[in-house]
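In case you want the letters, here they are:
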Amino acid sequence: MIALSLAEIATVVGGQTYDIPDPQVRVTGPVVRDSREVEPGSLFAAFAGERVDGHDYAADVVAKGAVAVLATRPVGVPAIVVDDVKAALGALARHVVARLGATLVALTGSAGKTSTKDLIAQVLRSKAPTVFTPGSLNNEIGLPLTALSATDETQFLVLEMGARGIGHIRYLTDLTPPKVGLVLNVGTAHIGEFGGREQIAQAKGELVEALPADGTAILNADDPLVKAMASRTKAKVLFFGEAAEADIRAENVRLTENGRPSFSLHTPSGCSEVTLRLYGEHHVSNALAAAAVAHDLGMSVEEIALALSEAGTLSRWRMEVTERPDGVTIVNDAYNANPESMRAALRALVAMGGARRAEGGRTWAVLGQMAELGDDALAEHDAVGRLAVRLNVSKLVAVGGREASWLRLGAYNEGSWGEESVHVSDAQAAIDLLRSELRPGDVVLVKASRSVGLESVAQALLDDVQGGADAR
Ligand SMILES: Nc1ncnc2c1ncn2[C@@H]1O[C@H](COP(=O)(O)OP(=O)(O)O)[C@@H](O)[C@H]1O
Ligand SMILES: [Mg+2]
């Protein structure tokens with residue numbers, strides 16, 4: 001964080017100081033909410049959670065070097081006391097960001113925010129110092145904490161913004177007003193909480209409404225609800241996508257034999273070839289979005305293509321590929337799932353398996369429920385099951401309850417399958433089955449919505465053989 005005195009922080013957040021011998025002492029270290037992350041110079045934000053209350057750690061964190069605690073009551077050590085720690089963090093972030101010289105990039109969407117944020121960060125940091133949201137910390141606490149980790153050196157600040165309802169993005173853009181705003185897609189994530197796709201579009205579009213006239217809205221030309229957001233912004237608009245009218249476009253998209261997407265990247269300033277290190281063609285859209293941001297911020301197409309081709313996965317369980325020493329490859333994509341990414345993951349699986357098929361290697365799709373599909377759930381699970389057959393995946397293991405049975409039934413009804421698809425009730429049953437069946441050359445994709453927690457299957461298969469080589 002840029003250095004600020006406790007007196008200044010207290011004024012910004014409208015708090016009372018307690019037990020502070022010298023209000024001119026400055027916070028220089030990170031602002032954190034987890035006592036394990038405290039460093040000398042830190043400000044510790046005390047939150048009362050369900051299991052632990054940050055206030056109980058006040059003495060600990062000060063002993064570890066924290067300058068003060070942001071708290072809702074005096075705690076016997078230096079503290080700035082406020083009514084609402086969350087709001088105080090937000091006010092502090094707003095104050096600090098206004099003083100930074102950095103360009104703020106914000107992104108939202110239904111699926112792919114974290115993957116795209118990680119791509120943007122890797123491309124921009126090849127050019128200049130960049131601070132970005134760690135993992136998925138995209139809410140009203142994670143966002144200020146990230147913004148507060150920027151320093152005077154930071155040139156680009158890349159912030160993931162999540163929303164579960166109308167007004168959420170507006171709240172976040174008020175704290176950290178972006179210059180560049182990107183909307184990836186409008187899908188079905190959290191559709192129950194929103195009430196429908198139109199409402200999701202309404203909520204995500206708040207991002208482009210917040211942009212200034214000299215800012216840039218970056219919108220997905222392939223997604224009609226996102227494309228339509230162009231009318232909701234004062235900013236210049238750049239479109240990305242495979243659509244012919246997109247400013248930043250992918251042409252000749254194909255999968256390499258190991259499942260990595262390759263394409264020609266077209267921008268207004270030229271064209272360059274890109275082969276991603278990420279797996280699955282859904283990352284083409286994410287890469288184009290990142291390219292559009294970088295193009296807008298002045299990077300050349302060659303610089304962008306090089307950085308995209310070198311970018312890896314920074315966040316876990318998203319098409320995380322590990323080859324075990326015994327020759328079995330595990331593809332852990334258990335972070336989340338929707339129909340589109342299921343299809344992309346199956347295609348990547350088949351591409352990866354292609355090279356190994358000659359040696360007797362098989363492809364396994366270990367799939368669970370795609371959540372939040374509402375009335376489409378039956379049809380979408382059925383379609384994924386059918387696609388597994390059409391793509392000639394060797395084995396489908398559907399894991400879980402009713403939705404898993406729809407996956408299996410889709411495969412069965414597609415025709416050619418009998419023994420090749422099975423339905424098991426839970427992760428442990430899937431692990432037992434795979435342990436007895438897997439052999440060298442096999443490739444195993446593990447994927448379902450977050451709530452299913454299918455990463456336990458991938459983890460168990462990796463734990464079986466110690467020292468798996470990371471093939472990322
Ligand atoms: N562009 C995309 N379109 C559809 N699904 C995607 C896209 N990018 C990623 N996904 C899927 O969404 C899951 C979560 O990706 P992530 O980048 O963490 O998104 P978010 O941060 O929006 O939750 C991935 O495992 C993948 O299945
Ligand atoms: Mg995320």
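Residues numbered from 1 in each chain as written. Chains lettered and ligands numbered in written order. Predicted model: local features only at pLDDT ≥ 70, side-chain atom pairs only at ≥ 80, totals over all residues. Heavy atoms only, no water.

Asks: Hey, could you run me through the overall build of the protein in this one?
Replies: Secondary structure assignment for the protein yields 17 helices and 23 strands. Computed over its C-alpha atoms, the radius of gyration of the protein comes to 24 Å, within 12% of the 23 Å expected for a compact globule of 472 residues. Over its C-alpha atoms, taken along the principal directions, the protein stretches across nearly 75 × 50 × 40 Å. Residue burial in the protein is summarised as follows: out of 472 residues, 55% are buried. The long-range share in the protein, meaning contacts at least 24 apart out of those at least 6 apart in sequence, stands at 66%. Only carbon and sulfur atoms are counted for the fraction: they give 48% of the accessible area of the protein, which is about 18800 Å². If you average the places of the 44 positive and of the 59 negative side-chain charges in the protein, the two averages end up 2 Å apart. (Helix = DSSP H or I, 4+ residues; strand = E, 2+ residues; numbered from the N terminus. Rg over C-alpha atoms; globule rule 2.2 N^0.38 Å. Buried < 20%, exposed > 50% of the residue type's maximum accessible area, 1.4 Å probe, protein only. Contact = heavy atoms within 4.5 Å. Areas by Shrake-Rupley, 256 points an atom, 1.4 Å probe, with all protein chains shown as cover. Lys, Arg positive; Asp, Glu negative; His and termini not counted. Charge placed at Lys NZ, Arg CZ, Asp CG, Glu CD.)

Asks: Is there a simple way to explain the pattern of salt bridges in this structure?
Replies: Proximity of charged atoms lets side chains of opposite charge pair with each other. For the coordinates displayed, the defined rule picks out 25 salt bridges. Across the salt bridge formed by E403 and R402, the nearest N and O atoms sit 3.6 Å from each other. Relative accessible area serves as the criterion here: at 55%, R402 is assigned to the exposed category. (Salt bridge = Lys/Arg side-chain N within 4 Å of Asp/Glu carboxyl O.)

Asks: Looking at this model, I keep getting lost on the sheet that holds strand β4 (residues 31–32). Mind explaining?
Replies: Across a sheet, strands are paired by hydrogen bonds formed along the backbone, either parallel or antiparallel in direction. Strand order in this open sheet of five strands is β2-β7-β6-β5-β4, and the pairing throughout is mixed. Two strands lie at the open edges of the sheet, namely β2 (16–18) and β4, each paired on one side alone. Its contacts with the sheet put helix α3 (residues 85–99) on β4, β5 (43–45) and β6 (68–71), and the angle it makes with β6 is roughly 120°. (Pairing = 2+ DSSP bridges. Axes fitted to C-alpha atoms, helices over the stretch in contact; angles between N-to-C directions.)

Asks: Any chance you could explain the coordination of the magnesium ion (ligand 2) here in plain terms?
Replies: Ideal values differ by geometry: the angle at a metal is 109.5 degrees with four tetrahedral donors, but 90 or 180 degrees with six octahedral donors. Protein ligation of the magnesium ion (ligand 2) involves T114 (OG1), S136 (OG) and E160 (OE), the donor distances falling in the range 2.2 to 2.4 Å. Going along the chain, you hit the donors of the magnesium ion (ligand 2) in the pattern T-x21-S-x23-E. With S136 in the loop between β9 (130–132) and α5 (142–148) and E160 in strand β10 (residues 156–160), the pair connects residues that are 24 residues apart, well separated along the chain. With a relative accessible area of 30%, S136 lands in the partly exposed category. (Donors = N, O, S within 2.8 Å, 3.2 Å for Na, K, Ca; no water.)

Asks: Sorry if this is basic, but what is going on with the sheet that holds β9 here?
Replies: Taken together, the nine strands give an open sheet; going across it, the order is β9-β10-β8-β11-β12-β13-β14-β15-β16, and neighbouring strands pair in mixed fashion. If you trace the sheet from one side to the other, it starts and ends with β9 and β16 (270–275), each paired once. Taking the axes of each pair of neighbouring strands and ignoring which way they run, one obtains an average angle of 15° across the sheet. Against the sheet, helix α11 (residues 282–296) makes contact with β8 (103–108), β11 (180–183), β12 (216–220), β13 (236–241), β14 (248–255) and β15 (261–267), and its axis sits at roughly 150° relative to β13, the strand it touches most.

Asks: So what exactly am I meant to see when it comes to the pairing of strand β22 (residues 443–447) here?
Replies: It is a general feature of regular strands that their side chains alternate between the two faces of the sheet. Taking burial as the measure, the five residues of β22 include five buried ones, the bulk of the element. Alignment of strand β18 (residues 329–332) against β22, held across four bridges, turns out to be parallel. In the strand pairing of β22, I330 is matched with V444.

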